[in-house]
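Coordinate inspection notes
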Amino acid sequence: MSESSIIVSDSLCGMPDTVEMLFTLLGGPSIRGSIALDLAPVTWIHPYGAISILGSCRYLRQLTRKPVRLTGLQTHIHAYLRRIDFFKYDPETVYTTDLFHSSCELGRSSSSSNVLELFPIRTSEDVYAVAARARRILTYWFDKNSSYNIDKIVTLLAEACSNIVDHSGDTGVVIVQKYDHKHYVEIKLAISDLGRGIRQSLIAVHGELSNTFTGYIEQALAGLSARSGQKGGQGLGAIQRIATENGGSLYIRSEMGSVLAQATGTVAQDNLCFFPGTQIAITFRSLSAF
Amino acid sequence: MRQFEMTRLFILLNIVGPDLLLRNYGRRAFPMLEQALLEVPPGQALLLDFASISVMDTSFADETVLELALGLAQNRYGERWMVLEQPSPATIDNLEGTIARRKAKVALLINESHHMRLIGHVEANLQEAWQLVCQRGELTARELADHFELEINTASTRLHKLYQARLLARHEEITPAGRQHTYMLPA
C-alpha cells in the first residue's frame with residue numbers, strides 16, 4: 001500500500017488551541033496504511049507542539065500499525081527534533097528519512113542548553129529521575145538565589161508526571177524548555193500520554209458526573225480524585241496554583257475537551273476532535289532576576 | 001524533643017534526593033514517620049528535620065505530614081506533638097495548598113530559624129491566642145482573658161482548642177484556686 005501524506009500546518013508553536021489544528025488531521029478516512037506527516041510548513045515548534053506531534057505519531061501507529069514518517073523537515077526543525085531526542089523515542093513509532101548534516105546539530109551542554117529532552121514516564125522511578133535531571137539543568141537556568149523557583153518547577157513536574165503513572169495506564173512523555181524574556185524567565189512544560197483520559201479515570205471511581213469532557217477536567221482541577229477514598233486529587237490543583245502565579249497558565253486537553261486556566265479565570269472548550277489520553281501544557285513564569 | 005531527619009527517607013525509600021515526591025512514596029513513608037512519632041515519650045514533640053530536603057510535593061505531604069497532623073488532632077497519638085524544622089518555602093507552599101484543598105481543619109507548627117509559626121487552618125482568635133503564648137513563653141487562661149478582655153471561659157476554651165489541635169502543650173497544677181493549666185509551645 002502506498003504512503004499517504006498529511007500536511008501539517010505551521011501550528012506547532014502557538015498556544016495549545018492553535019496546535020489543535022494538528023489533531024483535526026488525524027481522524028479522516030485516509031488514516032490507514034503508511035502515513036507521512038509533511039512538516040514543510042512548520043517553522044517553529046514549542047514543547048506542547050513537540051509532544052503533540054509525537055502523540056499524533058503514536059496514535060497513528062496505533063491506528064495503522066505502522067510507524068509514521070516525518071518529512072519536509074526544515075533544517076532547524078530537524079535539528080530541534082534531534083536535540084530533544086524526538087527520534088530516539090521509538091523508531092517503531094516515528095522516523096524520518098530526511099537527510100541531516102551533523103554540522104547542523106544543536107549543542108547539548110548543560111550549561112548552555114535551554115531544553116530538557118523528551119523523557120518517557122512510565123514508573124514512579126521515572127518521575128524521580130526526570131525531577132533529578134530537571135533540577136540539575138534548572139540550576140543552570142536560574143541563579144543560585146532562585147531555589148524557590150526551581151523547587152516550584154520540580155513540584156509542577158512531579159505532580160504532572162505522577163498522573164501518568166497513577167492514572168493513565170500508558171507510558172507518557174515530558175519535555176521542559178526555557179524561554180528568556182526581558183523581565184522574566186518562562187519555563188514551558190509539556191506532558192502527554194495516550195492513556196484512558198480524565199473522564200474515564202473519574203467515571204471508574206465516581207460514575208457519570210458530567211455530560212461534557214470539560215466537566216470532568218474541571219472536577220479534576222477542583223480536587224476530585226480518581227482514587228477512591230478521601231485522599232488524592234491534589235496534583236492538578238497544585239499545578240494550577242503554581243502555574244497561574246505570576247502570569248503563567250495551565251492547559252489540559254483530554255479526549256474531546258480542554259480547559260485553559262490562568263489567574264484571570266478558566267476557559268473551557270468542548271467538542272474538540274477526539275484524541276486519546278491527556279495532554280498538558282504548563283507555563284511557569286519567574287519574576288525574579290536570573 | 002526527638003528528631004527525625006527527613007533525609008533518612010531517601011535511604012529507607014530507596015530514592016535519590018533532594019526531593020520527596022509522589023503519593024505512593026508518601027504512603028510508604030507514613031508508617032516510618034508514624035513509628036518515629038510513637039517512639040517519642042508522651043509529653044514531647046517529634047521534630048521533623050527538613051534540612052537538605054529541597055521540596056516535598058503536595059501528594060507526598062498529603063500522605064505523610066497531613067495524615068500525622070490529623071492523627072494528632074484526633075488524639076490518636078496521645079500527648080505528643082509534631083514540629084516541622086526548616087521546611088523549604090516551596091514545601092511550605094505545598095503543605096498549605098494540601099491543607100486547603102483537602103479542606104482539612106488542621107494546622108502545623110513550623111520552626112524557622114528558632115522562630116515558630118503556624119500554617120494551615122487556624123481561626124483568627126486562636127491564632128492571636130497562640131501568638132501571645134509564643135510571645136510570653138507560657139500563658140494561663142486568666143492571663144489571656146486579661147490581655148484580650150475576654151471572659152475566662154472564652155479564654156480557657158481557646159487555649160484548650162489549641163492544645164487539642166496539638167499546637168500548644170500544657171502543664172497542669174493544682175492551686176488553692178483549683179486546677180490550673182499553663183500553656184506553652186511543645187518541648
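Residues numbered from 1 in each chain as written. Chains lettered and ligands numbered in written order. Predicted model: local features only at pLDDT ≥ 70, side-chain atom pairs only at ≥ 80, totals over all residues.

**Focus on the overall build of chain B**
- A count of helical and extended segments in chain B gives eight helices and ten strands.
- Across the 187 residues that make up chain B, the buried fraction comes to 43%.
- Long-range contacts, defined here as pairs at least 24 residues apart, represent 67% of the contacts in chain B between residues at least 6 apart. (Helix = DSSP H or I, 4+ residues; strand = E, 2+ residues; numbered from the N terminus. Buried ≥ 20, exposed ≤ 12 C-beta atoms within 10 Å, placed from the backbone. Contact = placed C-beta atoms within 7 Å.)

**Let's talk about the overall build of chain A**
- When helices and strands are counted, chain A shows eight helices and eleven strands.
- Its C-alpha atoms give chain A a radius of gyration of 18 Å, near enough to 19 Å, the size a compact globule of 290 residues would have.
- The C-alpha extent of chain A, read off along each of the three principal axes, is 55 × 50 × 35 Å.
- Per-residue burial for chain A yields a buried fraction of 47% across its 290 residues.
- Taking the contacts inside chain A whose residues are at least 6 apart along the sequence as the reference set, 71% of them involve residues at least 24 apart. (Rg over C-alpha atoms; globule rule 2.2 N^0.38 Å.)

**Let's talk about the pairing of strand β7 (residues 185-193) of chain A**
All names here are of chain A.
- The sheet contact formed by strand β6 (residues 172-180) and β7 spans eight bridges and is antiparallel. Note on β7: the bridge partner recorded for Val176 is Leu189.
- Adjacent in sequence and paired antiparallel, β6 and β7 are bridged by four residues.
- In this structure, β7 lies alongside strand β11 (residues 275-286), joined through nine bridges in antiparallel fashion. Each bridged residue has a counterpart across the sheet, and for Leu189 the counterpart in β11 is Ile282. (Pairing = 2+ DSSP bridges.)

**Observations concerning the domain arrangement of chain B**
Residue and element names in this part refer to chain B.
- When its domains are assigned, chain B resolves into domain 1 (1-121) and domain 2 (123-187).
- The C-alpha-based centres of domain 1 and domain 2 are spaced at 25 Å.
- Tallying the contact residues gives eleven residues for domain 1 and eleven residues for domain 2.
- Contributions of two or more residues to the side of domain 1 that touches domain 2 are made by α4 (65-73), β5 (81-85), β6 (107-112) and β7 (115-120).
- Its residues assigned to classes, the side of domain 1 that touches domain 2 shows ten nonpolar, one polar and no charged. (Domains from an automatic or database assignment. Nonpolar A, V, L, I, M, F, W, Y, C, P; charged D, E, K, R; others polar.)

**Let's talk about the packing of helix α6 (residues 197-206) of chain A against helix α7 (residues 213-221) of chain A**
Residues and elements named next belong to chain A.
- Two elements in contact, α6 and α7, have axes separated by 8 Å at closest approach and are oriented at 70°. Taken together, the axis directions place α6 and α7 in an arrangement best described as roughly perpendicular. For the element pair α6 and α7, the recorded crossing hand is left-handed. From α6, Ile198, Arg199 and Leu202 reach across to α7, where they touch Phe213, Tyr216, Ile217, Gln219 and Ala220.
- For the contact of α6 with α7, the residue count by class is six nonpolar, one polar and one charged. (Axes fitted to C-alpha atoms, helices over the stretch in contact; angles between N-to-C directions. Parallel < 35°, antiparallel > 145°, perpendicular 65-115°, else oblique. Left-handed = near helix turned anticlockwise from the far one by under 90°.)

**Here's the deal with the domain arrangement of chain A**
All names here are of chain A.
- Per the domain assignment, the segments making up chain A are domain 1 (4-99) and domain 2 (108-290).
- Put simply, the middle of domain 1 and the middle of domain 2, counted by C-alpha atoms, are 22 Å apart.
- Each partner contributes residues to the interface: domain 1 has 21 residues there, and domain 2 has 20 residues.
- When residues of the side of domain 1 that touches domain 2 are traced back to their parent elements, those giving at least two are α1 (16-24) and α2 (47-64).
- In terms of residue count, α2 provides more of the side of domain 1 that touches domain 2 than any other element does, nine residues in total.
- Taken together, the residues of the side of domain 1 that touches domain 2 break down into twelve nonpolar, five polar and four charged.

**Remarks on the sheet that holds strand β2 (residues 35-38) of chain A**
All names here are of chain A.
- An order of β1-β2-β3-β4 is seen for the four strands of this open sheet, with the pairing classed as parallel. The outermost strands of the open sheet, each flanked by one partner alone, are β1 (4-7) and β4 (94-96). Ignoring which end each strand starts from, the neighbouring axes of this sheet average 30° apart.
- In terms of strand pairing, β1 meets β2 through four bridges, oriented parallel. Paired with Ser5 across the bridge in β2 is Ala36.
- Relative to the sheet, α2 contacts β2, β3 (68-71) and β4, its axis offset from that of β3 by approximately 140°.

**So, the nonpolar core**
- In terms of nonpolar packing, the biggest core is built from 135 residues, with A:Leu157, A:Cys161, A:Val174 and B:Met82 touching the most fellow members.
- Ranked by the residues each element gives to this core, the list is headed by helix α5 (residues 147-168) of chain A, at ten residues. (Core = buried A, V, L, I, M, F, W, Y, C linked by C-beta atoms within 7 Å.)

**Focus: the pairing of β5(B)**
All names here are of chain B.
- Summarising burial for β5: four of the five residues are buried, a large majority.
- In the sheet, strand β3 (residues 45-49) pairs with β5 via five bridges, with the strands oriented parallel. Across the sheet, the residue bridging to Leu47 is Val83, located in β5.
- In the sheet, β5 pairs with β6 via three bridges, with the strands oriented parallel. Bridging across to β6, Glu85 finds its partner in Asn111.
- In this region the chain leaves β5, passes through helix α5 (residues 89-101) and returns to the parallel neighbour β6; the handedness of that crossover is right-handed. (Right-handed = clockwise from strand over helix to strand, strands pointing away.)

**Digging into the interface of chain A and chain B**
- In this complex, chain A contributes 20 residues to the contact, which on the side of chain B involves 22 residues.
- For the side of chain A that touches chain B, the secondary structure elements donating two or more residues are α4 (124-141), α5 and α8 (235-244) of chain A.
- With eight residues, α5(A) is the largest single contributor of residues to the side of chain A that touches chain B.
- Classifying every residue of the side of chain A that touches chain B gives eight nonpolar, seven polar and five charged.

**Remarks on unusual backbone geometry**
Residue and element names in this part refer to chain B.
- Each neighbour pair has its own omega, and for Gly17 with Pro18 the value is 10°, a cis peptide bond.
- With respect to the element layout, Pro18 can be found in the loop between α1 (8-12) and β2 (19-20).
- Positive phi, close to 60°, is recorded for Arg166, a residue that is not glycine.
- Here Arg166 shows up in the loop between α8 (152-164) and β9 (169-175).
- In this structure Arg166 comes out as buried when scored by C-beta crowding, with 26 C-beta atoms within 10 Å.

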